[in-house]
Every structure is written in structure tokens, then in C-alpha cells.
Amino acid sequence: MLEQLKIYEEKMNKSLDALQSEYVSIRAGRANPHVLDKIKVDYYGTPTPLQQVGNVTVPEARMIQIQPWEKSLLREIEKAIQMSDLGINPTNDGNVIRLVFPELTEERRKELAKDVKKKGEAAKVAMRNIRRDANDAIKKLEKSGEISEDERDDAEEQIQKLTDKMVEKVDKAVEDKTKEIMTV
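Note that the structure is predicted; figures quoted are calculated from it, not measured.

A. Structural detail: the domain arrangement of the chain. Parsing the chain into structural domains produces domain 1 (1–27 + 105–183) and domain 2 (33–100). Placing a centre on the C-alpha atoms of domain 1 and another on those of domain 2 gives a separation of 34 Å.

Written as C-alpha cells, this is what we have:
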């Protein structure tokens, strides 16, 4: 029984990890190289992650600098950034590409905070779905006579405690990211 509970705990952890990786790509006024994680550059006909075709640095708090390994990639990198949903125009000086992040407006901060909350709610729904799946599996085991009623109650209680713990972690992640966004 404990083995099966581990499986559901892993699934919940994956949901939390997915949420945190989404939060990393939300920019909060400061330049964070992770906003480029989802951007792919056409590298000799192959979509390649931006970090694999150049050196990405943060020389200033609100600037990201991209130094491609090959100068011929400057145009491709610039095109990939423009086509992404970053909403920032890259400046290309012939050697490096610079992304300057503007200061976020109060309205934009509130919008991002709302988005953070929505993503957090989606993660909680995913965890509740995992809890439901676990409880269904536990009930099936009881019906087939593999576990007793007491074992079923214990297992359901453990699943509920796990769900509560994971929802708490999601709430904390939402709170932390919202605080980061709202800090001027």
C-alpha cells in the first residue's frame, strides 16, 4: 500500500515542479535568463534551445545579453525572440543581442499576480485530481478484498494529509511569486 502512495506523492511533486518551472519564466521586473528557456532557435534546420547556441549573461539588473557561438546566428536568435511571447524587442549590435526589460507598471504587476494565482489554482486542481485517483484505487483494493476497511481509512487519511501538505506548498509558491512581482 505504501508503494502506491509513493506513486501519488511523486505525481503531486511533478505538478508542483511544473508550477515552479512556469513561475521561473514569469518575469518580475528583473532580468532572469530563465525567461528564455522556452525559446528555440533554428540552428541549421533544427529547433535548438537558445542557451545551447550562445552565452546568456545578465550584466545589469534589467538586461540580458546573448553572445552567440557563431555570428551567423544573430539574425536567427533575434527572429526567435521577436516571435516569442516575451514582448521585448531585442537590440542587435552585430556582436551581441541585448534584451532590456522595462520597469513593470502597477497594472502589469497586478495582471502577472492574477496569472500566478490562476496557475496556482490549476496546480491545486491537478493535485485534487491525483487525490481522487488515489482514493478510487484504494476503494478498488478494498472491494477486491486486498485491504480491510481500516486499511482503506488509513490510506485515505494519508492521501488527504499528503494533499494538504502539497496544497500548502502551492500556496507558499503563489505567495512568494506574488510578493516578488509586487515588489517595486
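B. Focus on the side chain of R152. Within the secondary structure, R152 is located in helix 4 (residues 149–182). A relative accessible area of 19% means that R152 is categorised as buried. For R152, the residues in contact, after removing those within four places along its chain, are I138, K139, E142 and I147.

C. Region of interest: the nonpolar core. Within the largest apolar cluster, 25 residues are counted, with the highest numbers of intra-cluster contacts made by Y23 and V170. Looking at this core, the elements with two or more residues in it are helix 1 (2–24), helix 3 (106–143) and helix 4. Beyond its immediate sequence surroundings of up to four residues, V170 is in contact with L16, L19, G120, A123, K124 and M127. By size, the runner-up hydrophobic cluster in this structure holds 20 residues, among which are V35, L73, L86 and F101.

D. Spotlight on the sheet that holds strand 3 (residues 54–60). Ordered in space as 3-4-6-5, the four strands form an open sheet in which the pairing is antiparallel. Only two strands of the sheet have a single partner each, and these edge strands are strand 3 and strand 5 (91–92). Across two bridges, the pairing between strand 5 and strand 6 (residues 97–100) is antiparallel. Along strand 6, the bridge assignment pairs N92 with I97. Along the sheet, helix 2 (residues 74–83) contacts strand 4 (63–68), strand 5 and strand 6; its crossing angle with strand 6, the most-contacted strand, is approximately 25 degrees.

Cut-offs applied
- Residues numbered from 1 in each chain as written.
- Predicted model: local features only at pLDDT ≥ 70, side-chain atom pairs only at ≥ 80, totals over all residues.
- Heavy atoms only, no water.
- Domains from an automatic or database assignment.
- Helix = DSSP H or I, 4+ residues; strand = E, 2+ residues; numbered from the N terminus.
- Buried < 20%, exposed > 50% of the residue type's maximum accessible area, 1.4 Å probe, protein only.
- Contact = heavy atoms within 4.5 Å.
- Core = buried A, V, L, I, M, F, W, Y, C linked by side-chain atoms within 4.5 Å.
- Pairing = 2+ DSSP bridges.
- Axes fitted to C-alpha atoms, helices over the stretch in contact; angles between N-to-C directions.

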